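# Coordinate analysis (summary)
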Amino acid sequence: MIQKKWVLKEFDREEVIKISKAYNISPIIAIILYNRGIRTEKEIKDFLSCDLSGMHDPYLMKDIDKAVERINIARENNEKITIYGDYDVDGITSIAILYKHLTSMGITVDYYVPDRIREGYGVNRDALDKIKENGSSVVITVDTGITAVDETDYATSIGLDMIITDHHECKEQLPNSYASIDPKQKNCGYPFKNLAGVGVAFKLIQALDKETPLEELMELYSDLVCLGTVADISPLVDENRILVTKGLNKFKTTKNVGLKALLDVTTANNSDITTSTIGYIIAPRINASGRLGCAARSVDLFLTDDENKAVELAEELCKENTIRQQTEQKMFAEALEYIEEHPEIKEDKVLVIPHENWHHGIVGIVSSKITEKFYKPSILFAIDGDEAKGSGRSVSGYNLFEALENCSEILEKFGGHELAAGLSVKTENIDKFRKAINEYTPERKEEAMTVPMVNIDAVIKASFITSETVDDINRLQPFGVDNPTPVFAARKMKIHRISTMSENKHLRMTLLKDGKYFDTVGFGMGECYDCFKEGDLVDVAFGLSINDYKGFHNVQLILKDIKLSEVTR
């Protein structure tokens, strides 16, 4: 059981009372808003109303005017455009919305998704040759391309104009493209830097069709924009908060035949879809096709108008996801075995784990589980002959992208974000890479890098743990990165009952405080069972939810951490 540090956020009591009275919200909600830096009248109104007035002008984005100009020239000259996208949910949804929109403009459109197994991540020359042979003169990348310097030069040399739309971190040298649209470019003045790839694609659509009211464009595309944004774990603030809120509402009445089919086979009630539903149920099924083979099926799912085909594709994705889960479990066990067999890496700052029989489409998921278990950045490699393809996940305070930049001379290819990245290296250089990345030290070495933090919004009394409080909290949805589910703490609660469920994976308790009993679940915390017993007084950190089961409607504590209370004698 990893020891976690609880960080109780401080707030100005007088300011919180003012916010509570001025906006007729509960003190708990006022505390949460204050703690998240949402304090001015405009900030609070924008956050709570979450309306389209908070959307930014797409023409503030560097090069978007050039992209619009070239696309309109292509339409006038009857040129064919190919959309080149990544094989994850963000890339797939980006392809789908841009394909639909360019087609509606009367443009001949094709799309290309690289095969994860044969081609790997990003733009490649063989793909560009195929696109050229198939008659395209313009390539628009979505959710990829901003690091494809050599590939862009090659595209130009064979007569392809490259329009890059991306949201990943930029290297020092940018591609010499016809237009490069990425809010993370140093000289881009766009006010919001954290759009997902599908968000950037949507801004291009908005720029292409500035005569159409934004409400109508949101009606057409917000469901898929929401799906890609949440699946890519983008910060749910600013424009992303608006896009995701509108998209979640649109899920209930989606006109996308493929999305509806997928919802029908994966969720019992479309009206109850949340960011968690997307992250844990819907997105993994879409990703499964890209991880195990060709992501084109997922794109076809969102482009088809044939209901029977949509159901068939949705069911195929569910079957592939089951295979993915089985493969993932096996790989996770093998990764743990590798760590035990190589004790020298246990002290490493970054865990580097290679394996010859791994599926490189799944190493990223397993890396996430390793990082979660050991609270260290991890990079897992699937070795294929003389090349190893890897995926890494990081922890707060350790910028994985910068660490890979520091080791770039050893790598064949890399790209990604602060907390997640993909890379490839010659098999013979894996040990050299492991040494290099462990010698890299970030400029800011934060405690959060070595000790998991639990950020507590407020310590609350048992009397505040009510369904009304849960309803209040739900006004702050959607929850995700930079707008996490609020976490509270309660002191000296008595364990009335304690057990495990799902083959000891999860912890279940009934806690007692001030005469009230509280159902409590700790997902993935089954190992805590041996550390506590009935009758113990504990401090708990938790989120709040409503549990509807067989007609019963009660508040449930979702455990984040648990400690024995300090009892003063």
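Everything below is about the structure printed above this text.
What you are looking at is a predicted structure, and each value in this text was computed from that prediction instead of being measured.

A word on the packing of aromatic side chains. According to the stated counting rule, one finds six aromatic pairs in the structure shown. Taking the centre distance of 6.1 Å and the plane angle of 80° together, the rings of Y99 and Y111 count as edge-to-face. Remark: Y111 occurs in strand β3 (residues 108-112) and Y99 occurs in helix α5 (residues 89-104); sequence separation between them is twelve residues. Over the ring of F374 we find K373; its NZ or CZ atom is 6.0 Å from the centre of that ring.

What follows deals with the side chain of N240. One can find N240 in helix α10 (residues 238-251). Within the local environment of N240, its side chain forms a polar contact with the backbone oxygen of P235, the two atoms lying 2.9 Å apart.

Bringing α10 into the picture now. When the terminal C-alpha atoms of α10 are compared, their 21 Å separation across 14 residues agrees well with the 20 Å that a helix rising 1.5 Å per residue should span. A large share of α10 lies buried, amounting to eleven of its 14 residues. The set of residues buried in α10 consists of E239, N240, R241, I242, L243, V244, T245, G247, L248, K250 and F251.

For strand β13 (residues 458-459) and strand β14 (residues 488-501), the ladder comprises two bridges, and the chain directions are parallel. Residue pairing for β14: A458 is matched across the bridge by F488. Bridging between β14 and strand β15 (residues 506-513) involves seven bridges; their strand directions are antiparallel. Residue pairing in the sheet places M501 in a bridge with H506 of β15. Turn length for the β14-β15 hairpin, with the two strands adjacent in sequence and antiparallel, is four residues, and the turn residue S502 shows positive phi of about 55°.

An order of β7-β8-β9-β11-β10 is seen for the five strands of this open sheet, with the pairing classed as mixed. Edge positions in the sheet fall to β7 (351-355) and β10 (411-416), since each has one partner strand and no second. Taken pair by pair, the neighbouring strands of this sheet meet at an average axis angle of 15°, ignoring direction. Pairing geometry for β7 and strand β8 (residues 378-384), over five bridges, is parallel. Residue pairing in the sheet places I353 in a bridge with L380 of β8. Helix-sheet contacts for helix α15 (residues 363-374) involve β7, β8 and β9 (387-393), and the interaxial angle to β9 is about 45°.

With that settled, the discussion passes to the sheet that holds strand β2 (residues 80-85). Overall, parallel pairing links the five strands, which are arranged β3-β2-β4-β5-β6 in an open sheet. Looking at the sheet topology across the chains shown, the edges are occupied by β3 and β6 (179-181). Strand-to-strand, the axes of this sheet are offset by a mean angle of 20°, without reference to chain direction. Direction of pairing for β2 relative to β3: parallel, over a ladder of five bridges. Bridging from a neighbouring strand, K80 pairs with T108 of β3.

A separate point is the packing of helix α13 (residues 296-303) against helix α14 (residues 307-341). Their axes nearest at 9 Å, the elements α13 and α14 cross at an angle of 145°. Judged by the sense of rotation from one axis to the other, the crossing of α13 with α14 is left-handed. Only A310, L313, A314, E316, L317 and E320 of α14 make contact with α13, whose side of the interface consists of R297, S298, D300 and L301. The residue inventory of the contact of α13 with α14, partitioned by class, reads five nonpolar, one polar and four charged.

Moving on, we come to the nonpolar core. Judged by nonpolar contacts, the single largest core of 78 residues is most densely connected at I71, L102, F202, L204, L227 and I278. Per-element tally for this core: the top contributor is helix α9 (residues 214-231), with nine residues. Setting aside residues up to four positions removed in sequence, F202 forms contacts with M55, I97, L214, L217, M218, Y221, V225 and L243. Counting 41 residues, the second-largest nonpolar core is a separate cluster that includes V16, I19, F518 and L557.

Before going further, it helps to spend a moment on a negative patch on the surface. A cluster of acidic side chains, namely D305, D306, E307, E312 and E315, defines a negative patch on the protein surface. With respect to the helices, strands and loops of the structure, D305 is situated in the loop between α13 and α14. A relative accessible area of 64% means that D305 is categorised as exposed.

This structure, assessed with the given rule, holds 24 salt bridges. Measuring nitrogen to oxygen at the nearest pair gives 3.6 Å for the salt bridge that ties K66 to D63. Since its relative accessible area comes to 39%, K66 is described here as partly exposed. Taking the relative accessible area as the measure of exposure, D63 reaches 11% and is therefore buried. A salt bridge links R70 to D161; the shortest N-O distance between them is 2.8 Å.

As a further point, take the packing of α14 against α15. Two elements in contact, α14 and α15, have axes whose closest approach is 9 Å; the angle formed by their N-to-C orientations is 50°. In terms of orientation, α14 and α15 fall into the oblique class. In terms of crossing hand, the pair formed by α14 and α15 is right-handed. Taking contact as the criterion, the partners of R324, E328, M331, F332, A335, L336 and I339 in α14 are, on α15, V363, I365, V366, K369, I370, K373 and F374. Looking at side-chain class alone, the contact of α14 with α15 contains ten nonpolar, no polar and four charged residues.

Rules of the game
Residues numbered from 1 in each chain as written. Predicted model: local features only at pLDDT ≥ 70, side-chain atom pairs only at ≥ 80, totals over all residues. Heavy atoms only, no water. Phe/Tyr/Trp six-rings, centres within 6.5 Å; stacked < 30°, edge-to-face > 60°. Helix = DSSP H or I, 4+ residues; strand = E, 2+ residues; numbered from the N terminus. Lys NZ or Arg CZ within 6 Å of the ring centre and 35° of its normal. Polar contact = N/O pair within 3.5 Å; in protein donor to acceptor, adjacent residues only side chain to side chain. Expected span 1.5 Å × (residues − 1). Buried < 20%, exposed > 50% of the residue type's maximum accessible area, 1.4 Å probe, protein only. Pairing = 2+ DSSP bridges. Axes fitted to C-alpha atoms, helices over the stretch in contact; angles between N-to-C directions. Contact = heavy atoms within 4.5 Å. Left-handed = near helix turned anticlockwise from the far one by under 90°. Nonpolar A, V, L, I, M, F, W, Y, C, P; charged D, E, K, R; others polar. Core = buried A, V, L, I, M, F, W, Y, C linked by side-chain atoms within 4.5 Å. Patch = residues over 30% accessible without salt bridge, like charges linked within 9 Å, V, L, I, M, F, W, Y side chains within 5 Å. Areas by Shrake-Rupley, 256 points an atom, 1.4 Å probe, with all protein chains shown as cover. Salt bridge = Lys/Arg side-chain N within 4 Å of Asp/Glu carboxyl O. Lys, Arg positive; Asp, Glu negative; His and termini not counted. Charge placed at Lys NZ, Arg CZ, Asp CG, Glu CD. Parallel < 35°, antiparallel > 145°, perpendicular 65-115°, else oblique.

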